[in-house]
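# An overview of the molecular structure
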Amino acid sequence: GGRLWRYNESPQAWGRLPRAPFPMSSRSLSRIPFDPREERVLGGLARWMGLLGRFQIVASVFIFVVLLGVTGLVTTVEVIEPMTQSAGEAPLVSVGEVSRGAVALVIAVVVGFSLLFLRGGMLLLNAAEELEAVVGTDELDQHHLEDALSKLRAYFVLESILMIAVAAGTYAATIAGWGAA
């Protein structure tokens, strides 16, 4: 029989890999034997992922609250100003040539962005908790690791979609700006 290759062995040890690297018993897979260095790396990764996840959640809530405040302020000024304005005075807030549809589109994009950002933060935070469970418990390591990696995959897919949307929006705005010039 062979044994599993470890990162600190030479590449010549690769030829000794067993046909089935993991036994089929689910009990034997409950605890993955990490050395202390690997546990520190996983613990550090979990802490940083948790920190970034919390930051994303707080930032998305902040963006949403600021958007609600600005929307409320502009709506209030738009309703109150015509009642208090004299005939010859300039308006306090002038939106210019921007239509209500364009404003609604910007609001929808910002709300969508903040919701995606919030979901990404929740995925990162959940993945961090699963990694902490791998390091902190002696049971179900494979299950926790599988869940953590699944949530990380979902996070990276979500972030990729978000970046593609930002790049497409930037490209569209640039092309529209060139057409207007």
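Reading the values: the criteria
Residues numbered from 1 in each chain as written. Predicted model: local features only at pLDDT ≥ 70, side-chain atom pairs only at ≥ 80, totals over all residues. Heavy atoms only, no water. Helix = DSSP H or I, 4+ residues; strand = E, 2+ residues; numbered from the N terminus. Buried < 20%, exposed > 50% of the residue type's maximum accessible area, 1.4 Å probe, protein only. Contact = heavy atoms within 4.5 Å. Areas by Shrake-Rupley, 256 points an atom, 1.4 Å probe, with all protein chains shown as cover. pLDDT = per-residue confidence, 0-100. Phe/Tyr/Trp six-rings, centres within 6.5 Å; stacked < 30°, edge-to-face > 60°.

## Considering the overall build of the protein chain
- A count of helical and extended segments in the protein chain gives three helices and zero strands.
- Shown N-terminal to C-terminal, the secondary structure of the protein chain runs as helices and strands in the order α-α-α.
- Across the 181 residues of the protein chain, 21% fall into the buried class.
- The contacts in the protein chain between residues at least 6 apart in sequence include a share of 68% that link residues at least 24 apart.
- In the structure as shown, the protein chain presents an accessible area of about 13000 Å², 69% of it carried by carbon and sulfur atoms.

## Considering the confidence of the model for the protein chain
- Predicted confidence across the protein chain gives a mean pLDDT of 78, with 71% of residues reaching 70 or more.
- Ranking the helices and strands of the protein chain by mean pLDDT puts helix α2 (residues 100-136) first, with 89, and helix α1 (residues 36-84) last, with 87.
- The model gives residues 1-7 a pLDDT under 50, and that stretch makes 21 contacts with residues more than four places away or in other chains.

## Considering the packing of aromatic side chains
- Under the counting rule described, the total for this entry stands at two aromatic pairs.
- Considering the side-chain rings of Phe113 and Phe117, the 5.4 Å spacing of their centres and the 15° angle between planes classify their relative orientation as stacked. Pair noted here: Phe113 and Phe117 are both in helix α2, with a separation of four residues, about one helical turn.
- Ring geometry for Tyr155 and Phe156: centres 5.3 Å apart, planes at 70°, overall edge-to-face.

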